[in-house]
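# Chain and residue survey
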Amino acid sequence: MAFIDNILDTPSYGWKDENGELVKPTPKQLWAEAFRRINVFRDKRNWITMTSWLMATLMVPFVIAFFFFHFSWPMLALAVLYTFVMISSHGTIWFHRYCTHKAYKFSHPIFRIITQNLAIKTFPEEIYVLSHHVHHVKSDMPGDPYNPKGGWLYCMLSDVNHQSINKNLSESDYKRAAFFMQHTGVWINSYEQYKKWGSVASPVYTIGLWLLNWGFWYGALYLIGGHSLACAIFSAAVIWFVGVRAFNYTGHGKGEEKHVHGLDFDRSNLSLNQSRPGLFAGEWHNNHHLYPGSARAGFLPGQLDIPWIYIYCLHKIGAVTSFHDSKKDFIRRYVEAQKVKEPVRETIVEPQRLQQVG
Ligand SMILES: [Zn+2]
Ligand SMILES: [Zn+2]
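Residues numbered from 1 in each chain as written. Chains lettered and ligands numbered in written order. Predicted model: local features only at pLDDT ≥ 70, side-chain atom pairs only at ≥ 80, totals over all residues. Heavy atoms only, no water.

Each helix and strand in the protein was counted, giving 15 helices and 2 strands. What you see for the protein is a C-alpha radius of gyration of 22 Å, in line with the 21 Å of a compact globule of 358 residues. Across its three principal axes, the protein shows a C-alpha extent of roughly 75 × 50 × 40 Å. When burial is assessed residue by residue, the protein has 54% of its 358 residues classed as buried. Within the protein, contacts between residues at least 6 apart in sequence are counted, and of these 68% link residues at least 24 apart. Roughly 17100 Å² of accessible area belongs to the protein as shown, and the carbon and sulfur atoms make up 65% of that amount. Distance between charge centres in the protein, computed from 35 positive and 27 negative side chains, equals 5 Å. (Helix = DSSP H or I, 4+ residues; strand = E, 2+ residues; numbered from the N terminus. Rg over C-alpha atoms; globule rule 2.2 N^0.38 Å. Buried < 20%, exposed > 50% of the residue type's maximum accessible area, 1.4 Å probe, protein only. Contact = heavy atoms within 4.5 Å. Areas by Shrake-Rupley, 256 points an atom, 1.4 Å probe, with all protein chains shown as cover. Lys, Arg positive; Asp, Glu negative; His and termini not counted. Charge placed at Lys NZ, Arg CZ, Asp CG, Glu CD.)

Binding of the zinc ion (ligand 2) to the protein goes through H96 (NE2), H101 (NE2), H132 (NE2), H136 (NE2) and H288 (NE2), at separations of 2.0 to 2.2 Å. The sequence motif formed by the donor residues of the zinc ion (ligand 2) is H-x4-H-x30-H-x3-H-x151-H. Within this pair, whereas H132 is found in helix α6 (residues 125-137), its partner H288 is found in helix α13 (residues 285-290), the two being separated by 156 residues in sequence. Classification of H132 as buried rests on a relative accessible area of 2%. (Donors = N, O, S within 2.8 Å, 3.2 Å for Na, K, Ca; no water.)

Right, let's get into the coordination of the zinc ion (ligand 1). Around the zinc ion (ligand 1), the protein supplies H135 (NE2), H252 (NE2), H285 (NE2) and H289 (NE2) as donor atoms, at distances of 2.0 to 2.1 Å. Taken in sequence order, the residues that donate to the zinc ion (ligand 1) follow the motif H-x116-H-x32-H-x3-H. You can see H135 sitting in helix α6 and its partner H252 sitting in the loop between α11 (203-250) and α12 (275-281), a full 117 residues away along the chain. The exposure classification of H135 matches that of H252, with both residues buried.

Turning next to the environment of F35. With respect to the secondary-structure elements, F35 resides in helix α2 (residues 27-37). Sequence spacing of F35 and M181 is 146 residues, and the spatial spacing of their C-alpha atoms is 27 Å.

The subject of this paragraph is the packing of helix α4 (residues 73-100) against helix α14 (residues 306-316). Closest axis-to-axis distance for the α4/α14 pair is 9 Å, and the angle between their directions is 65 degrees. As α4 runs across α14, the sense of the crossing is right-handed. The segment α4 lies against α14, with V85, S89, T92, I93 and R97 engaging I306, P307, W308, Y310 and I311. (Axes fitted to C-alpha atoms, helices over the stretch in contact; angles between N-to-C directions. Left-handed = near helix turned anticlockwise from the far one by under 90°.)

Note that F180 resides in the loop between α9 (171-179) and α10 (191-197). The spatial distance from the C-alpha of F180 to the C-alpha of P11 is 22 Å, given a sequence separation of 169 residues. Contacts of F180, omitting those with residues within four sequence positions, involve F3, I7, C99, V129, L130 and H133.

Before going further, it helps to spend a moment on the packing of aromatic side chains. Tallied over the full model, the rule gives 38 aromatic pairs. With a centroid separation of 5.7 Å and an interplanar angle of 35 degrees, the aromatic rings of F330 and Y334 are classed as tilted. Remark: Y334 and F330 occur in helix α15 (residues 327-357); sequence separation between them is 4 residues, near one turn of the helix. We note K44 situated over the ring of W197; from NZ or CZ to the ring centre the distance is 4.8 Å. Seen from the ring of F3, R176 lies directly overhead, with NZ or CZ sitting 4.2 Å from the centre. (Phe/Tyr/Trp six-rings, centres within 6.5 Å; stacked < 30°, edge-to-face > 60°. Lys NZ or Arg CZ within 6 Å of the ring centre and 35° of its normal.)

Let us now look at a nonpolar patch on the surface. On the surface, V60, I64, F67, F68, F69, F71 and W73 cluster together into a nonpolar patch covering about 830 Å² of accessible area. Per-element accounting of the nonpolar patch gives the leading share, 5 residues, to helix α3 (residues 47-69). Residue position: F68 is located in helix α3. (Patch = residues over 30% accessible without salt bridge, like charges linked within 9 Å, V, L, I, M, F, W, Y side chains within 5 Å. Salt bridge = Lys/Arg side-chain N within 4 Å of Asp/Glu carboxyl O.)

This brings us to the nonpolar core. Ranked by internal contacts, the top residues of the largest apolar core, which has 80 residues, are I7, Y82, Y104, I120, I165, Y174 and W214. With 18 residues, α11 is the largest single contributor of residues to this core. Every residue in contact with I120, bar those within four places of it in the chain, is listed here: M59, Y82, I87, N213, W214, W217, I233, F234 and A237. Ranked by size, the runner-up nonpolar core spans 7 residues in total, among them L290, Y291, F330 and V335. (Core = buried A, V, L, I, M, F, W, Y, C linked by side-chain atoms within 4.5 Å.)

You will see that K102, though not glycine, has its phi angle at about 50 degrees, which is positive. Mapped onto the elements, K102 comes out in the loop between α4 and β1 (104-106). Overall, K102 belongs to the partly exposed group, its relative accessible area being 34%. The phi angle at K254 is positive, at roughly 55 degrees, despite the residue not being glycine. By the secondary structure assignment, K254 is in the loop between α11 and α12.

Written as structure tokens, this is what we have:
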């Protein structure tokens, strides 16, 4: 079995049936799988999947505290800004472009650690990174962890149901999987530790960083704007946690072909360049599928890319040493080529049509 087919823990309902078609589990199957996968009493190696949901659950008290005790309209406006722009852009900068695609390099670990913690932590890196590599190889096909053809709930529960590492990898396959995480600064388990904990990331690191991150952010926000600001921003983080799962569904056309001529150039998968995730978080997802390793994804006029602005500014101050930027290649291969090809196609089609008529 190819490494990429084996890297993720196969859900109990499987990825595909005997005919190679996608298995579409029922909502009941999906929920049962989710609770099986976060059950640390059944298998302690579920700890990392459980952590993802525990983080979200522990944010709920902040939501209650904000709406019932500390509510104000300006704070709500800030929370909306934080959800749609700040933490979303951070997701693109950190989890997506750096951790998964290595689109740029930091000059010193301190800039990496600052970037990592620029937003409230909502899930461990490993949950995102390993499965996202699979998403690129198998987009919209069986095995894609957030295959939109599986439906909305299939994508919403994918972080626990489809995104954890296979717990039975050979030592060489584990090392290959761990290599995907090596540059992130996450403490990586040895093969023996992986056999015990079922994860690439060390539990001590993951839990320790989570507590430090939340401690820092609650303290800093409290000093700036009291409990009201702190609870508003923590509430915003949990809304993003839910929303980013929905993006995995809508960003691939909800499982349907919705490409727009002159906007979505990659037709090998269902990914779309959508305005809201694009303008607010630099997720021009169709462009990204064409150039996954690019630190910039906003290529066409009007495609604002806030994460790219951040990365470019870090480069200007010397915190980022190098980056990939595929804009020129995109323009040459897709935009300019289209201008040239159109008239050529006309001249080819015309004589055939005349022949048919004749
Ligand atoms: Zn995608
Ligand atoms: Zn990607």
